[in-house]
Amino acid sequence: MTESEDWTISPPLPNKIFPWEQYNPVTRAEVDAFFHSPEVEIIKERMCDIGRRMWAREYVDGNGGNISVRVAKNLVLCTPTLCSKGFMKTEDICLVDMEGRQKAGIRPSTSEVKTHLAMMKSIGCNSCIHAHPAYCNAFLCAGIVPPSGINSEADIFLGHIAIAPYGTPGSPSVAAAVAEAAKKSSVVFMENHGVITGARHVEEAYWFMENADAYCRIIILAAGHKEPLKQIGPEGIKGLFEIRKSIGYTDPDNMPLYNTETFAGYQLGKSGD
């Protein structure tokens, strides 16, 4: 008998979320053993890989940027201070508690980890990435975010990008500002500083960074045509909201369809007009 050609397979999606709720090492010996466990070593390797990708795309320069991943009820891996993200090794990664106190590692942790922790506490994300991508910084240094509704993929994956007012890097004020802005979006532009993203796992946090910089680049290039940009119409935007919801992204209640309907001093058109 000939096998029917009418068949399909349904492979599961990869699950890259670290099950941090399962772990709660407390004593110094427990924490040290956990920090060097095979499960945590895999996460360290992912962080180093993300660091190389950030550096290769010029999202960071010098020793800029930082990465964090929650790995236990009270423990978070983070990158060290004064270290190029393009050349990190797993032994460079640090471990801090949810108050930012260092618990393991041979290098001092980043001074900006408390901003990551504030974002984690605010929206329940498991990983944060901070970087300085040039096209995003072209917006945030002007104190603005790109208009939503221009590109469907940006609306699906980024939602309405939020902006946090300037604060001294690593200070309690900037941590509080980011925590508040993150309630509106898991992609936050930090005024006169850079971008921080929060996500379910470190790869997703990096995707958001790529998505945001690509979108800002599109807007800047499109504006060069000297023609008014057009937003997707209201019904189309509602469809994008539904797609966001279907893949697990949440938005604030009563969020407007567009974050703005003006850009560069003119009224944005609508597709189909």
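Residues numbered from 1 in each chain as written. Predicted model: local features only at pLDDT ≥ 70, side-chain atom pairs only at ≥ 80, totals over all residues. Heavy atoms only, no water.

Trainee: Which residues make up the packing of helix 2 (residues 38–56) against helix 7 (residues 202–223), and what values go with them?
Mentor: When two helices pack together, their arrangement is given by the angle between their axes and by how far apart the axes lie. At a closest axis distance of 10 Å, the pairing of helix 2 and helix 7 adopts a crossing angle of 10 degrees. With respect to helix 7, the axis of helix 2 lies roughly parallel. Mapping the contact onto sequence places Arg46, Ile50, Arg53 and Met54 in helix 2 and Val202, Glu203, Tyr206 and Trp207 in helix 7. Counted by class, the contact of helix 2 with helix 7 contains five nonpolar, no polar and three charged residues. (Axes fitted to C-alpha atoms, helices over the stretch in contact; angles between N-to-C directions. Helix = DSSP H or I, 4+ residues; strand = E, 2+ residues; numbered from the N terminus. Parallel < 35°, antiparallel > 145°, perpendicular 65-115°, else oblique. Contact = heavy atoms within 4.5 Å. Nonpolar A, V, L, I, M, F, W, Y, C, P; charged D, E, K, R; others polar.)

Trainee: Describe the pairing of strand 2 (residues 75–78), listing the residues and the values that go with them.
Mentor: Note on strand geometry: in a regular strand, side chains alternate between the two faces of the sheet. Covered by surrounding structure in strand 2 are Leu75 and Leu77 together with Val76 and Cys78, the residues of both alternating faces. Where strand 1 (residues 66–72) folds back on strand 2, the antiparallel hairpin that results is connected by two residues. As defined by bridge partners, strand 2 adjoins strand 3 (residues 94–97) across four bridges and the pair is classed as antiparallel. Across the sheet, residue cysteine 78 finds its bridge partner in strand 3, namely cysteine 94. (Buried < 20%, exposed > 50% of the residue type's maximum accessible area, 1.4 Å probe, protein only. Pairing = 2+ DSSP bridges.)

Trainee: Outline the environment of glycine 149, supporting the account with residue identities and numerical values.
Mentor: Tracing the sequence through the fold places glycine 149 in the loop between helix 4 (134–140) and helix 5 (152–158). A residue is classified by how much of its surface remains accessible, and glycine 149, at 0% relative accessible area, is buried. As a C-alpha pair, glycine 149 and aspartate 253 span 104 residues in sequence and 18 Å in three-dimensional space. Those residues in contact with glycine 149, other than ones at most four positions away along the chain, are Asp155, Tyr215, Lys230, Gln231, Ile232, Ile237 and Tyr258.

Trainee: I'd like to hear about the environment of valine 187, residue by residue, with values.
Mentor: Of note, valine 187 is situated in strand 7 (residues 187–190). Along the primary structure valine 187 and glycine 86 are separated by 101 residues, whereas in three dimensions their C-alpha atoms are 22 Å apart. Those residues in contact with valine 187, other than ones at most four positions away along the chain, are Leu158, Ile161, Ala162, Val195, Ile196, Thr197, Phe208 and Ala212.

Trainee: Any details on the sheet that holds strand 5 (residues 127–131)? Residues and values, ideally.
Mentor: Taking strand neighbours across the sheet as the criterion, the eight strands line up as 4-3-2-1-5-8-7-6 in an open arrangement whose pairing is mixed. Pairing within the sheet leaves two strands with one partner each, and these edge strands are strand 4 (102–104) and strand 6 (162–164). When the angles between neighbouring strand axes are averaged without regard to direction, this sheet yields 25 degrees. The strands touched by helix 6 (residues 172–181) are strand 6, strand 7 and strand 8 (194–199); relative to strand 6, the strand with the most contacts, the crossing angle is about 165 degrees.

Trainee: Account for the side chain of histidine 193, with residues named and values stated.
Mentor: By the secondary structure assignment, histidine 193 is in the loop between strand 7 and strand 8. Dropping the residues within four chain positions of it, histidine 193 is found in contact with Glu112, His130, His132, Asn137, Leu140 and Pro169.

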